[in-house]
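Chains, contacts and geometry: an overview
The residues making up each chain are set out below.
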Amino acid sequence: QIATFGGCTFYVDDDGVLSSSGSCATTAGSLDLNTRKIRSLAPGVFANMPKMEKLGLARNKITVLPPGIFDPLVGLVHLDLWDNYLYFDGGLPPGIFDALTRLELLDLTDNHLAPASFPDNVFSSLGNLGKLHLFKNKLDAFPAFFFDPLVSLRHLDLGFNDLVTLEPDLFKRLTKLETLDLSENCLTVLPFNIFDLLVNLRELKLHGNWELLCVQMTAQQKAVLTTYNGPPTQTTTCGCKPGLTGPDGECTACVVGTYKAGMGSAACDGCPADSSSPTQSTTIAACTCNAGFSGQVQCVSHDWVDKWGQSCEYYVSYPEFCSGQSSQEPSANCCACGGGRSTLSCTKCVKGKYKNVLGDAACLDCDVGKYAANTGATVCQACPTLSNAPEGSNTQTDCICNMGSTGPNGGTCVSCVAGKFKSSLGPAICTPCDAGTYSAMTARTTPTACSPCGDGTYSASASASCTTCPANAISPSSSAEASACRCNAGFSGPNGGGSCTKCSAGTYKTESGNANCISCPANANSPAGSTALWTCFCTAGSAGQDGGTCTQCVAGKYKAGGGNANCESCPTNSASPVGSTISTACECTAGWIGPNGGPCRTAMSSESKTAASEDIGSTTSSPSGGGLDDTSTSSGTSTAGASGSGEPSWVLPVIISCASVGFLALGLAFRWYNQKKLQRHLKALSDLASAELGSVRQPTNTPQFEATSDVFLDHGQDRGQVQLGVRPPMMAYRDPSTSSAEVPNFHQGMNAETHSLLAQYDRRCDDPNWLNEVLVGYDLALNFHDLECNGLKKGRDLKVLLMDPSALQVYFPNTCFLARLYHDTEAGCTCS
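Residues numbered from 1 in each chain as written. Predicted model: local features only at pLDDT ≥ 70, side-chain atom pairs only at ≥ 80, totals over all residues. Heavy atoms only, no water.

**Considering the overall build of the protein**
On a plain count of helices and strands, the protein comes out with nine helices and 60 strands. The long-range fraction of contacts in the protein, counting pairs at least 24 apart against all pairs at least 6 apart in sequence, stands at 45%. Total accessible area computed for the protein in this model is approximately 41800 Å², and 52% of it derives from carbon and sulfur atoms. (Helix = DSSP H or I, 4+ residues; strand = E, 2+ residues; numbered from the N terminus. Contact = heavy atoms within 4.5 Å. Areas by Shrake-Rupley, 256 points an atom, 1.4 Å probe, with all protein chains shown as cover.)

**Regarding the pairing of strand β3 (residues 17–22)**
Along any regular strand the residues' side chains alternate between the sheet's two faces. Examined bridge by bridge, strand β2 (residues 8–12) and β3 share five bridges and lie antiparallel to one another. Considered in β3, the bridge of V12 is made with L18. Between β2 and β3, which follow one another and run antiparallel, lie four residues, and G16 among them has a positive phi close to 80°. With two bridges joining them, β3 and strand β5 (residues 40–41) adopt parallel strand pairing. When the sheet's bridge partners are listed, L18 is paired in β5 with L41. (Pairing = 2+ DSSP bridges.)

**Focus on the state of the cysteines**
Throughout the structure, instances matching the rule amount to 19 disulfides. A disulfide bridge connects C433 with C450, and the sulfur atoms are separated by 2.0 Å. An S-S torsion of about -75° defines the bridge between C433 and C450 as left-handed. Residue C433 is found in the loop between β33 (431–432) and β34 (437–438), and its partner C450 is found in the loop between β34 and β35 (451–452); the two are separated by 17 residues along the sequence. Through a disulfide, C487 is tied to C500; the S-S separation comes to 2.1 Å. An S-S torsion of about -85° defines the bridge between C487 and C500 as left-handed. With C487 in strand β39 (residues 486–487) and C500 in the loop between β40 (491–492) and β41 (501–502), the pair connects residues that are 13 residues apart, well separated along the chain. Judged by its relative accessible area of 0%, C487 is buried. (Disulfide = S-S within 2.5 Å. Buried < 20%, exposed > 50% of the residue type's maximum accessible area, 1.4 Å probe, protein only.)

**Notes on the sheet that holds strand β14 (residues 227–229)**
Taken in spatial order, the nine strands line up as β4-β6-β7-β8-β9-β10-β11-β12-β14 in an open sheet, and their pairing is parallel. Every other strand in the sheet has two partners, leaving β4 (29–32) and β14 as the edge strands with one partner each. Neighbour-to-neighbour, the strand axes of the sheet open up by a mean angle of 5°, direction not taken into account. The sheet contact formed by strand β11 (residues 179–181) and strand β12 (residues 203–205) spans three bridges and is parallel. For T179, the partnering residue across the bridge sits in β12 and is E203. (Axes fitted to C-alpha atoms, helices over the stretch in contact; angles between N-to-C directions.)

**Topic: unusual backbone geometry**
Following G598, the chain continues into P599 via a peptide bond in cis, with omega recorded as 0°. As for its placement among the helices and strands, P599 is situated in the loop between β52 (592–593) and β53 (601–602). If you check the backbone angles, T35 has positive phi at about 55° while not being a glycine. The topology assignment puts T35 in the loop between β4 and β5. Here T35 falls in the exposed class, since its relative accessible area comes to 51%. Phi at D83 takes a positive value of approximately 60°, unusual for a residue other than glycine. Relative to the helices and strands, D83 resides in the loop between β7 (78–80) and β8 (105–107). The exposure class assigned to D83 is partly exposed, which follows from its relative accessible area of 24%.

**Things to note about the side chain of S117**
As for its placement among the helices and strands, S117 is situated in the loop between β8 and β9 (131–133). When sequence neighbours within four positions are dropped, the list of residues in contact with S117 reads Y87, G90, G91 and L92.

**Considering the pattern of salt bridges**
What the rule picks out here adds up to three salt bridges. For R59, the salt bridge goes to D83, with nearest N and O atoms at 4.0 Å. Taken together, the positions of R59 in the loop between β6 (52–56) and β7 and D83 in the loop between β7 and β8 put the pair 24 residues apart, joining distant regions of the chain. Close ionic contact of E203 with K205 constitutes a salt bridge, the shortest N to O distance being 3.4 Å. Relative accessible area serves as the criterion here: at 27%, K205 is assigned to the partly exposed category. (Salt bridge = Lys/Arg side-chain N within 4 Å of Asp/Glu carboxyl O.)

**Considering the sheet that holds β5**
In spatial order, the strands read β1-β2-β3-β5; together these four strands make up an open sheet with mixed pairing. The open sheet terminates on both sides in strands that have one partner only, identified here as β1 (3–5) and β5.

**Structural notes on the nonpolar core**
Of all hydrophobic cores here, the largest spans 68 residues; its most connected members are F46, L55, F70, F97, F147 and F171. Excluding residues within four positions of it along the chain, F97 makes contact with F70, L79, L92, L106, V122, F123, S125 and L126. The next biggest cluster of nonpolar side chains, apart from the first, holds seven residues, and it includes C469, A473, C485 and C500. (Core = buried A, V, L, I, M, F, W, Y, C linked by side-chain atoms within 4.5 Å.)

**Describing the packing of aromatic side chains**
Counted by the stated rule, this structure contains 12 aromatic pairs. With centroids separated by 6.4 Å and ring planes inclined at 25°, the aromatic side chains of F46 and F70 adopt a geometry described as stacked. Here F46, found in the loop between β5 and β6, pairs with F70, found in the loop between β6 and β7; they are 24 residues apart in sequence, far enough to count as distant. Residue F46 is classed as buried on the basis of its relative accessible area, which comes to 1%. Relative to F88, the ring of Y85 has its centre 6.5 Å away and its plane inclined at 65°; by these criteria the two rings are edge-to-face. Joined through ring pairs, the aromatic side chains of F118, F123, F142, F146, F147 and F171 make up one cluster. (Phe/Tyr/Trp six-rings, centres within 6.5 Å; stacked < 30°, edge-to-face > 60°.)

**Examining the environment of L76**
On the secondary structure map, L76 appears in the loop between β6 and β7. By relative accessible area, which is 0% here, L76 ends up buried. The spacing of L76 and L100 is 24 residues in sequence and 6.4 Å in space, taken between C-alpha atoms.

**A word on a nonpolar patch on the surface**
Residues V64, Y85, Y87 and F88 make up a contiguous nonpolar surface patch of about 320 Å² in total accessible area. For Y87, the position within the fold is in the loop between β7 and β8. (Patch = residues over 30% accessible without salt bridge, like charges linked within 9 Å, V, L, I, M, F, W, Y side chains within 5 Å.)

None of the figures reported here should be taken as evidence of function without further support.
In structure tokens form, the structure reads like this:
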């Protein structure tokens with residue numbers, strides 16, 4: 001319970017809702033509900049109270065007035081709603097005051113009301129209203145007919161709002177108005193004769209409208225005013241306001257570079273020299289120095305008064321008044337000068353400085369890389385390309401060439417060409433790269449830009465690239481001239497770019513330079529382009545170490561191929577000349593017969609050496625072949641003849657026995673020869689296999705093969721190591737990752753015997769029976785451990801059958817040797 005009114009009791013609940021109970025239909029008087037924390041009114045809260053005269057709802061927190069809430073209060077004379085929040089929810093509802101026809105005072109002060117908060121015709125029933133308070137709201141304008149229903153209004157308070165302008169006919173129906181408060185608004189100009197119909201006006205407040213410099217009213221109005229607070233009044237037109245000029249009623253804005261501070265038709269004043277101002281400027285403070293000029297406001301003593309007659313001294317006595325004044329305020333000049341008048345002095349920016357905006361800002365130094373050669377510059381000029389200047393430069397010659405470029409100060413700079421550099425600023429020329437170095441890029445800035453020429457190249461000073469030495473010549477890195485190019489080892493020729501010729505076969509050269517190739521020792525030869533003495537190997541028919549002394553094979557010996565192998569002795573009972581190069585040079589000695597190269601057998605008493613040679617040449621190689629049968633077949637005739645000639649009867653058996661023993665010995669000797677020959681051929685095969693796998697180690701001794709028909713290649717666990725032979729093993733090796741281009745030359749690492757055999761192979765490729773004669777019936781079994789071919793199990797044997805040349809499938813380099821590679825049918829795949 002907060003109040004009572006006759007038989008009615010008023011309550012405010014916890015939500016701030018005002019409600020009532022009881023009956024007070026006959027009660028007259030006042031109800032004070034001010035400052036009761038009321039937030040809203042319950043519908044019907046004022047029902048059956050027709051005789052209430054005054055209602056106070058001020059200083060609450062009411063945000064919304066329910067429609068028709070005041071309709072029961074038909075006898076109400078005074079309604080006080082000031083200091084609430086009636087702008088919420090759109091403001092006042094339509095017809096809110098329609099039932100209050102007897103109302104004389106309405107106070108809506110401080111409710112944040114805006115023009116949109118008032119519905120149309122909100123005052124249409126308030127013809128008896130005498131006082132209307134709209135003080136301290138958010139009103140910036142009114143419709144022309146807003147106050148027309150208030151014909152009895154005597155007091156109107158519109159102070160402390162946001163009014164900018166007023167409609168000319170806004171007050172035309174308020175002829176009884178005595179007091180009008182328009183203070184502390186934003187009025188700049190009042191419509192002509194706006195107060196002419198206010199014949200009863202006695203008090204007019206216009207102060208606080210800082211832009212309103214003049215008020216026009218009739219002499220009669222001015223005479224009857226008992227209270228006036230505002231700018232000066234004139235009985236005629238006030239003329240053009242500040243910033244405007246021209247005859248009365250024909251005002252135009254002051255042009256750029258001028259200003260006008262007072263009212264009237266006076267001309268606009270010009271800004272000080274070298275300064276300017278925006279259009280419609282109202283004070284000299286709007287004048288600022290032009291681009292290229294700098295300056296500041298200067299104060300001059302002056303007895304200056306504002307539009308209200310206040311002097312500068314009055315303003316500066318209140319520092320808080322001057323604080324926050326804009327440059328357009330009439331009092332701004334006075335505040336800035338502490339009681340004096342302000343003026344402005346502008347001076348040109350000196351050389352090396354610029355200013356590109358209006359205002360009192362200082363001139364700025366030209367940025368790095370720019371210059372200003374004249375005073376009053378608004379912009380700085382950029383230095384020429386590839387040049388720069390320090391900050392604040394005032395002449396073009398301050399622009400000097402950057403590092404990596406050259407040219408006169410202030411002039412055109414060009415980049416250092418390839419082969420040169422420049423590590424300093426200024427006009428110095430570019431420095432050439434030293435001979436033996438080069439620089440492929442332009443505009444280089446350091447000596448490190450010159451890179452040394454690599455091996456095999458050379459350059460002169462200031463070179464953009466290095467020149468390559470002629471073919472087969474080399475030079476050290478950083479070489480400065482062509483004479484540094486020297487023929488490589490294995491080549492000969494003059495220094496300095498002449499033709500380098502490969503050393504011919506039989507010569508070598510171990511170092512680069514212009515020396516001649518050196519001949520191999522006697523009886524030795526070397527490949528063309530050889531680079532070391534050890535490449536000289538003994539030729540066929542001579543023996544010795546590679547690179548050493550080679551001695552011709554003595555009589556009775558021969559050597560078929562080149563290399564360091566020893567000379568081989570001719571077969572028993574045969575001899576050869578000194579320096580023999582082939583086994584067929586061995587001829588049977590006297591008393592022995594056989595083919596050149598052996599074997600030689602004892603000549604029978606009935607055979608001449610020539611006949612025996614012819615006979616053996618026409619027989620098979622078997623010691624018990626048809627030759628013996630032929631001899632014994634004809635022996636009957638011989639014996640008969642002998643007996644007929646008187647030979648003893650024991651001679652024939654002795655001859656037959658001796659012949660049998662001889663043929664048996666000859667057969668054994670031939671078998672021994674074939675075994676030795678087979679061993680040599682198998683040795684050649686081992687060298688060939690080693691070369692195919694990339695031999696890198698030469699056997700340290702000659703394998704002594706047993707008389708066996710099988711040779712095994714054992715691919716062991718040690719990174720593809722291959723063992724060839726039975727006893728002792730010969731080692732060959734090749735890393736599986738090695739490419740074919742890295743496999744050594746086929747002939748390297750072979751002994752002289754292998755060279756000789758290869759020579760024989762090459763010569764006998766056209767003999768279809770040669771392989772049958774040597775290897776028919778022999779198998780070469782290859783046992784490759786750890787070999788997998790599309791799932792082939794480890795330990796498989798791959799059989800290679802050596803047959804006649806027409807059936808062979810594998811080709812070994814440098815020979816015509818062929819072999820057939822059988823398929824492993826169990827694994828179902830082909831390996832090679």
